[in-house]
Amino acid sequence: MRVAIIGAGIIGASLAHALSKRGAEVTVLDAAGPAAGATGASFGWINASFFADAAHFALRFEGIEAWRRLTRELALPVAWSGCLCWEEEGEALEAQARGLRDMGYAAQIVNRSDFASREPAVAAPEAAVFFEDEAAADPVGVTQALLATSGAPRIMGVTVQEVLHVNGRVTGVRLPGGVIPCDRVVVAGGTGAPRLLEPLGVALPMLERPGVIFKTKPLPPLLSHICAAPIGEFRQLADGRILMPTAASHQGDSTQCIADSPIVLADAAAARLQALLPGVSVDWEEVSLAYRPVTQDGLPVVGACGPAGLYTAVMHSGVTLAPVVAEILSAQVIDDGLSNHQANLVAPYAPDRLQSGFSKNTSASTTSGGSGW
């Protein structure tokens, strides 16, 4: 079975790895390059402590387990450091920990002295919640590793013009130089997905969700955990740089446009971080802007849509969800069947939920022209 994956971010790379393992002939296409979009500007936090509802928690929880399976299989740049979170305080913090424990999540409250022993460089709060099962991934490194292990040929720097279909079934993808025939197409192109899906009668309404993230200059080893403070989330990378989004609570950030310059935002966030790291000189070195792929209802979109053989996988928190989505969607793509557990996990996120009032017109044939790629 020939499968074209459009998008070489962490979702597309995870799918390439999973589908290749199942015997598919995979080709990965991207208009820029591996991890060149939202993946490359991701914070890289693997967690289920942030969730929209019970079903979303279940999917994210399974996402952590899927990461454990994947890192047992492959040597990937993932650090199982756990997270210290003190975005809430007092009763709100205790309620957060209690609620997560009731759902089976590891959430331990630590006091000031315990916190200080774990993170001596950070100004210790009265209390924090320790999420021991959370991890940090290097999204770019993971993406590159999964693409490499998939063995899939990659076509980078070329924009897919359209997905071709005949008699209600996909037949290939058109590039500027010709056509690549295939039996299945997976659109995993983040914010670029609607451009390809809507001509096929598939609605994918997206929200404007720009995000700005910065890295400090290299520092000596200071941090051992992901830290989620009221002033923002931060963690130290393997090269010594500290990574931090400029928006506090960036996972739930609903900013629609960036009003200030990235320099102003990075300066302000670095000053907040400096206050939490007394005795450390916090100077930012690089700041990046990327648009997060957030659907209209804020939830993932995963599954079959439009003409037969067409699938999509678009979501924010792609780092947390990439391995579990790849496990489930790869089985759907090659008609391998899902377990009841997998089917229940992904059921709320089918593309059909977004199609109300959208005109579907996939019955007309589209012939493939050109002489091939």
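About the thresholds
Residues numbered from 1 in each chain as written. Predicted model: local features only at pLDDT ≥ 70, side-chain atom pairs only at ≥ 80, totals over all residues. Heavy atoms only, no water. Helix = DSSP H or I, 4+ residues; strand = E, 2+ residues; numbered from the N terminus. Buried < 20%, exposed > 50% of the residue type's maximum accessible area, 1.4 Å probe, protein only. Contact = heavy atoms within 4.5 Å. Areas by Shrake-Rupley, 256 points an atom, 1.4 Å probe, with all protein chains shown as cover. Expected span 1.5 Å × (residues − 1). Arc of directions from axis to C-beta. Pairing = 2+ DSSP bridges. Axes fitted to C-alpha atoms, helices over the stretch in contact; angles between N-to-C directions. Phe/Tyr/Trp six-rings, centres within 6.5 Å; stacked < 30°, edge-to-face > 60°. Lys NZ or Arg CZ within 6 Å of the ring centre and 35° of its normal. 1 Å grid on protein atoms, 1.4 Å probe; cavity = no way out; pocket = protein on both sides within 12 Å on 5 of 7 lines; lining within 4 Å. Points joined across faces, edges and corners; volume = space filled by probe spheres on them. Nonpolar A, V, L, I, M, F, W, Y, C, P; charged D, E, K, R; others polar.

(A) Structural detail: the overall build of the protein chain. Helix and strand counts for the protein chain come out as nine helices and 22 strands. Dimensions of the protein chain, computed from C-alpha atoms along their principal axes, come out at roughly 65 × 40 × 40 Å. Taking all 373 residues of the protein chain together, 52% fall into the buried category. Put simply, of all contacts in the protein chain between residues at least 6 apart along the chain, 70% involve residues at least 24 apart. When the accessible surface of the protein chain is split by element, carbon and sulfur atoms take 51% of a total near 15200 Å².

(B) Main features of helix 7 (residues 262–276). With 15 residues, helix 7 extends 21 Å from end C-alpha to end C-alpha; this agrees with the ideal 21 Å at 1.5 Å per step. Buried residues of helix 7: L265, A266, A269, A270, L273 and L276, and no others. Viewed along the axis of helix 7, the buried residues span an arc of 125°, placing them on a single side of the element. Exposed side of helix 7, more than 90 degrees from the buried face: I263 and A275 are the residues found there. Residues of helix 7 that are buried sit in contact with strand 15 (210–216), strand 16 (226–229), strand 17 (232–236), strand 18 (242–245) and strand 19 (284–291).

(C) Region of interest: the sheet that holds strand 11 (residues 169–175). With antiparallel pairing, three strands are arranged side by side in an open sheet as 10-11-12. Strand pairing shows two members of the sheet lacking a second neighbour, strand 10 (162–166) and strand 12 (178–181), which therefore form its edges. With strand direction ignored, the average angle separating the axes of adjacent strands in the sheet is 35°. One ladder, built from four bridges, connects strand 11 with strand 12; its direction is antiparallel. Each bridged residue has a counterpart across the sheet, and for R174 the counterpart in strand 12 is V179.

(D) Seen up close, the sheet that holds strand 8 (residues 135–137). Read across the open sheet, the three strands follow the order 3-8-4; overall the sheet is antiparallel. On the outer flanks of this sheet lie strand 3 (45–46) and strand 4 (78–79), each paired with one strand and no other. As defined by bridge partners, strand 3 adjoins strand 8 across two bridges and the pair is classed as antiparallel. For W45, the partnering residue across the bridge sits in strand 8 and is A136.

(E) Up close: the packing of aromatic side chains. Scanning all chains against the criterion turns up seven aromatic pairs. Centre to centre, the rings of F43 and W45 are 6.2 Å apart; their planes meet at 80°, and the pair counts as edge-to-face. Taken as a pair, F43 and W45 share a single burial class, namely buried. Centre to centre, the rings of Y105 and F131 are 5.8 Å apart; their planes meet at 50°, and the pair counts as tilted. Here the residue Y105 occupies a position in the loop between helix 3 (90–102) and strand 6 (108–111), and F131 occupies one in strand 7 (residues 127–131), the gap between them amounting to 26 residues. Put simply, the rings of F51, F57, F61, Y105 and F131 touch in pairs and so form one group of aromatic residues. Here R235 stacks its cationic end above the ring of F43, 5.6 Å away from the centre of that ring.

(F) Examining the environment of G279 more closely. Along the polypeptide, G279 turns up in the loop between helix 7 and strand 19. Owing to a relative accessible area of 88%, G279 belongs among the exposed residues under this scheme. The spatial distance from the C-alpha of G279 to the C-alpha of V179 is 59 Å, given a sequence separation of 100 residues.

(G) Layout of the layout of surface pockets. Size it by volume and the second largest pocket reaches roughly 520 Å³. Along the wall of the second largest pocket there are 27 residues; nearest its centre are A137, D138, R235, L237 and A238. Mapped by element, the contributors of at least two residues to the lining of the second largest pocket are strand 8, helix 5 (139–150), strand 15, strand 17 and strand 19. Counting residues per element, the lining of the second largest pocket draws most heavily on strand 15, at three residues. Here the residues of the lining of the second largest pocket are counted per class, giving 14 nonpolar, eight polar and five charged.

Everything listed here is a matter of geometry and, on its own, says nothing about what the molecule does.
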